[in-house]
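Understanding the architecture of this molecule
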Amino acid sequence: MILKTDNLVKRFGGLIAVNEVSIGVEDGSITLLIGPNGCGKTTFVNSVSGYYKPDGGKVYFQGEDTTGLPLHKMYQKGLVRTFQIPSPFLQLSVLENLLLAERNNPGESFTKHLIRSSWKDYEADSVDKAIQIMRILGLEKYWDKEPASLDAGALKLIEIGRALMAEAKMVILDEPIAGVNPKLAHNIFSHIVKLRDEMKLTFLIIEHRLDIALKYVDFVYAMHQGRIIARGTPDEIARNEQVRMVYVGG
Ligand SMILES: Nc1ncnc2c1ncn2[C@@H]1O[C@H](COP(=O)(O)OP(=O)(O)OP(=O)(O)O)[C@@H](O)[C@H]1O
């Protein structure tokens, strides 16, 4: 298991958003976390990736107790939660977006990037690495385009590319296909599968569009009211009565 949580708890005042959640994510897998709005999925991944400090329980990443480590420490260890591309970056090229992700981490201020940098200032190795990542993601034809001019699917792939530049071993994606048309959604998941297979990357993905996502993932956890109510293969989860009840109300 690359990631394991043991009875993880996160509270907001009197609300227990994450209630003793224990999960395991297999190395080199695509693991899906599902559940209705407000059930605690985002709070859970935030408590694992260092955005929130958990109130109870343990997080283990690559066998190490990483409970309560901040976001930038987890990022350095290779657990990267993708974030929307910051708006000033939308005016930089795709290549520059990747190069900036290698140098910097979320613990640092974004303001210093407001000064436009040139890809020519970077090491040749970094540029080579960025080109290789763009190839894998099918972004190489857009290398000098501004992300602002690209579609939602390409933006998601750039976010994943930025995580790869940061040497991520495991990537957490929060709704990677939200607001994306079915063709692009399948394209994004196909790239995720390719990254699992070719780069041995591990993914933990929050997604609501099960019709698409269940076709691509290895294992699924279902959450409801802060707790895990089911775990299993996509087939098992699709057939699970409790999951159906929660999703369609019986
Ligand atoms: N910063 C916060 N302060 C207080 N309450 C919060 C905070 N963030 C989330 N909550 C509450 O915690 C619960 C879990 O929210 P969370 O966003 O984790 O759910 P979710 O499953 O990710 O939902 P969605 O699918 O809508 O994104 C909700 O009741 C929410 O209102």
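Residues numbered from 1 in each chain as written. Predicted model: local features only at pLDDT ≥ 70, side-chain atom pairs only at ≥ 80, totals over all residues. Heavy atoms only, no water.

Points about the overall build of the protein
Each helix and strand in the protein was counted, giving nine helices and eleven strands. For the C-alpha atoms alone, the extent of the protein along its principal axes is close to 55 × 35 × 30 Å. Per-residue burial for the protein yields a buried fraction of 51% across its 250 residues. Considering only intrachain contacts with a sequence separation of at least 6, the fraction spanning at least 24 residues in the protein is 67%. When the accessible surface of the protein is split by element, carbon and sulfur atoms take 49% of a total near 11,700 Å². With 30 positive and 30 negative side-chain charges, the protein shows a separation of 3 Å between the mean positions of the two kinds. (Helix = DSSP H or I, 4+ residues; strand = E, 2+ residues; numbered from the N terminus. Buried < 20%, exposed > 50% of the residue type's maximum accessible area, 1.4 Å probe, protein only. Contact = heavy atoms within 4.5 Å. Areas by Shrake-Rupley, 256 points an atom, 1.4 Å probe, with all protein chains shown as cover. Lys, Arg positive; Asp, Glu negative; His and termini not counted. Charge placed at Lys NZ, Arg CZ, Asp CG, Glu CD.)

Focus: the sheet that holds strand 8 (residues 170-174)
Strands sit in the order 7-8-9-4-10-11 across an open sheet of six strands; the sheet is mixed. Each end of this open sheet is capped by a strand with a single partner; those strands are strand 7 (79-81) and strand 11 (227-232). In this sheet, adjacent strand axes meet at a mean angle of 20° when their direction is disregarded. Inspection of the sheet shows strand 10 (residues 219-224) paired to strand 11 by five bridges, in the antiparallel sense. Across the sheet, residue tyrosine 221 finds its bridge partner in strand 11, namely arginine 231. Packed on one face of the sheet, helix 6 (residues 182-199) meets strand 4 (30-34), strand 8 and strand 9 (202-206) and runs near 150° to strand 9. (Pairing = 2+ DSSP bridges. Axes fitted to C-alpha atoms, helices over the stretch in contact; angles between N-to-C directions.)

Description of the confidence of the model for the protein
For the protein, mean pLDDT is 89; residues scoring 70 or higher make up 90% of the total. Counted against residues more than four places away or in other chains, residues 107-115, with its pLDDT under 50, gives nine contacts. (pLDDT = per-residue confidence, 0-100.)

Things to note about the side chain of glutamate 159
For glutamate 159, the position within the fold is in helix 5 (residues 152-165). A residue is classified by how much of its surface remains accessible, and glutamate 159, at 7% relative accessible area, is buried. Filtering out sequence-adjacent residues up to four positions away, glutamate 159 remains in contact with Thr82, Phe83, Gln84 and Ile85.

Focus: the site of the ligand
Taken together, 13 residues sit near the ligand, with Gly38, Gly40, Lys41, Thr42 and Thr43 positioned nearest. Cysteine 39 places a main-chain nitrogen or oxygen 3.1 Å from an oxygen atom of the ligand. The contact in question runs from an oxygen atom of the ligand to an N or O atom on the side chain of threonine 42, over 2.6 Å. Look at the ligand: alone it shows 640 Å² of surface, and the protein chains cover 60% of it. At the level of secondary structure, the elements contributing two or more residues to the shell around the ligand comprise strand 2 (15-21) and helix 1 (41-49). (Near = heavy atom within 4 Å. Polar contact = N/O pair within 3.5 Å; in protein donor to acceptor, adjacent residues only side chain to side chain.)

Here we look at the packing of aromatic side chains
Under the defined criterion, the tally for this structure stands at four aromatic pairs. Here the aromatic rings of phenylalanine 219 and tyrosine 221 are separated by 5.3 Å at their centres, their planes lie at 65°, and the arrangement is edge-to-face. Chaining the aromatic ring pairs together yields one cluster made of Phe12, Tyr51 and Tyr52. (Phe/Tyr/Trp six-rings, centres within 6.5 Å; stacked < 30°, edge-to-face > 60°.)

With respect to the domain arrangement of the protein
According to the domain assignment, the protein contains domain 1 (1-78 + 169-250) and domain 2 (84-168). Distance between the C-alpha centres of domain 1 and domain 2: 25 Å. Contacts between the two partners involve 23 residues from domain 1 and, on the opposite side, 19 residues from domain 2. Contact with domain 2 buries surface across domain 1, with Tyr75, His191 and Leu195 losing the most and accounting together for 31% of the total. Our count for the contact surface shared by domain 1 and domain 2 stands at zero salt bridges. (Domains from an automatic or database assignment. Buried area = accessible area lost by both parts, 1.4 Å probe. Salt bridge = Lys/Arg side-chain N within 4 Å of Asp/Glu carboxyl O.)

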